[in-house]
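Architecture at a glance
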Amino acid sequence: VKVWNFKDKLTPEAPMAEDVGEECATTLSGHSKKVTLVRWHPTASHVLVTSSFDNTLRLWDANKGAESFKTATVPDAIQ
């Protein structure tokens, strides 16, 4: 999962005023199969969760670029 930080590059007055480039802030590595879902925490702006075809959920700290928690592999697909 690649994460970009547009906070310092985009403003409400000029949302596309400059080229933000393609360089990502961090890459979150850990799933062994395709990631199927990414969701940001509604109040903790640096926390996100991912699910994957490897049948795990992972909680990430985007500021640190690190996994915070991983579920045990479940036998059925996560939806």
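Now for a look at the structure at hand. As the structure is a computational prediction, the values presented were derived from the model and not from experiment.

Let's talk about the nonpolar core
- Grouped together as the largest cluster of nonpolar side chains are 5 residues: Val3, Leu28, Leu48, Trp60 and Ala62.
- Beyond its immediate sequence surroundings of up to four residues, Leu28 is in contact with Val1, Val3, Leu48, Trp60, Gly65 and Ala66.

Let's talk about unusual backbone geometry
- Although it is not a glycine, Asn55 sits at a positive phi angle of roughly 65°.
- For Asn55, the position within the fold is in the loop between strand S4 (47-52) and strand S5 (57-61).
- Relative accessible area serves as the criterion here: at 16%, Asn55 is assigned to the buried category.

What counts and what doesn't
Residues numbered from 1 in each chain as written. Predicted model: local features only at pLDDT ≥ 70, side-chain atom pairs only at ≥ 80, totals over all residues. Heavy atoms only, no water. Core = buried A, V, L, I, M, F, W, Y, C linked by side-chain atoms within 4.5 Å. Buried < 20%, exposed > 50% of the residue type's maximum accessible area, 1.4 Å probe, protein only. Contact = heavy atoms within 4.5 Å. Helix = DSSP H or I, 4+ residues; strand = E, 2+ residues; numbered from the N terminus.

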